[in-house]
Amino acid sequence: MGMKALFCGVGEAFDEDLSNTSILVEVEEHGDVRKLLLDCGFTAAPAFWRFSADPLDLDAIWISHLHGDHFLGLPQLLIRFSEHGRFKPLQIGGGSGTSGSVKKAMELAYPGKWDRLGFDIEFIEAVAEESFHLAGVQALAIPVEHSVPGLGIKLHAQDMSLFYSGDGCLKKRFWPMLEGCDVAVCEAFSLEESVPGHSSVSRVLSMARSAEIRLTALVHMQREERRRHKDSLQKYLEESQAEAFLPEPGDWVKL
Ligand SMILES: [Zn+2]
C-alpha cells in the first residue's frame, strides 16, 4: 500500500467552517500499518473522530509547533482515548518544549487526568535537520520560518516521501531537502501576498517546481483569502505548471 494521507482538517486557526489543519497519515511497510496524525489543534479532534475508520489505532501524533490551532486539541483527543479504554501506548513528537506544553495544556483542561489516562505516552522531541523515527517511520525535521519555532516533518517509507510544513515557509536553502518528494502538504496562508511568518500559494508553488515535488496540497489558507480565491484557484494552479490542489475535509491522497 505504501502511504496514504487523509485530510481531516484543512483550515486555519479561526475558520468557522473548516477544522484546523490536521492530516492522518497511514504508512504500510512489510504488512505492518502505522498511523500518524499530523497536528491536533482546537477543532481537530472531532474531525479526526469523524474521518478516521479506527481512531483507537493511532500510533503517533506530530505537533509542528506550539500554537493552539496545532496542539490544543490534544486534551480532548487524549481524554476520549481514555474514555474508550485505550491501552496502546502513544507517541507524541514535536520540537523542543513539546512535552512540557502538552502536559501543561492537559493540566489546565482536565486537572489530575494526565496520570490516569490508562495508556503510556512517549515524547519524542526532534531536532531541526536531524532524522528520527516516529511510530517506527523514518522522519526528518525541517525548520520553518514562523512566529514561534516550527518544524516541518518529512516521512519516508518504501522509497516514498511525504512532507508536512506546519505553519510558515521554508528558507530556500532547505528546498533541496524536498527534492523529488511525492506529496508535500504546505501551509499557504495567502495567494501571493507576503504575510510575515506565513507562506503563500505562489511561494509554495515555486518551491514545488524547484524541488520537483510530485503533488502539493495547499492547506491552512486564511479564511477570507480562501473564499475570495476558491473559484479561480484551479485555473491559477493549472497555469503554475506545478501539480497542486486545495483539499477539502475528507479528501485523501495515496502515494
Ligand atoms: Zn502557527
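Up top is the structure.
This section reports on the structure supplied with the text.

You will see that E129, though not glycine, has its phi angle at about 70 degrees, which is positive. Among the secondary structure elements, E129 is positioned in the loop between β6 (121-125) and β7 (131-134). With a relative accessible area of 39%, E129 lands in the partly exposed category. Within the chain, Q158 stands out as a residue other than glycine whose phi angle is a positive 50 degrees. Here Q158 shows up in the loop between β9 (150-157) and β10 (160-164).

Read across the sheet, seven strands follow the order β7-β8-β9-β10-β11-β12-β13 without closing on themselves; strand pairing throughout is mixed. The open sheet terminates on both sides in strands that have one partner only, identified here as β7 and β13 (244-245). Here strand β11 (residues 183-187) pairs with strand β12 (residues 215-219) via five bridges, running parallel. Within β12, the residue paired with V183 across the bridge is L215.

What follows deals with the pairing of β12. By the criterion of burial, β12 is predominantly enclosed, with four of the five residues buried. Taken together, β11, helix α5 (residues 201-210) and β12 form a β-α-β motif whose crossover is right-handed. Looking at chain direction, β12 and β13 are connected through two bridges and run parallel. Among the inter-strand pairings, A217 is bridged to a residue of β13, identified as F245. Chirality of the crossover, the property in question, places the unit of β12, helix α6 (residues 223-239) and β13 among those that are right-handed.

Rules used throughout
Residues numbered from 1 in each chain as written. Predicted model: local features only at pLDDT ≥ 70, side-chain atom pairs only at ≥ 80, totals over all residues. Heavy atoms only, no water. Helix = DSSP H or I, 4+ residues; strand = E, 2+ residues; numbered from the N terminus. Buried < 20%, exposed > 50% of the residue type's maximum accessible area, 1.4 Å probe, protein only. Pairing = 2+ DSSP bridges. Right-handed = clockwise from strand over helix to strand, strands pointing away.

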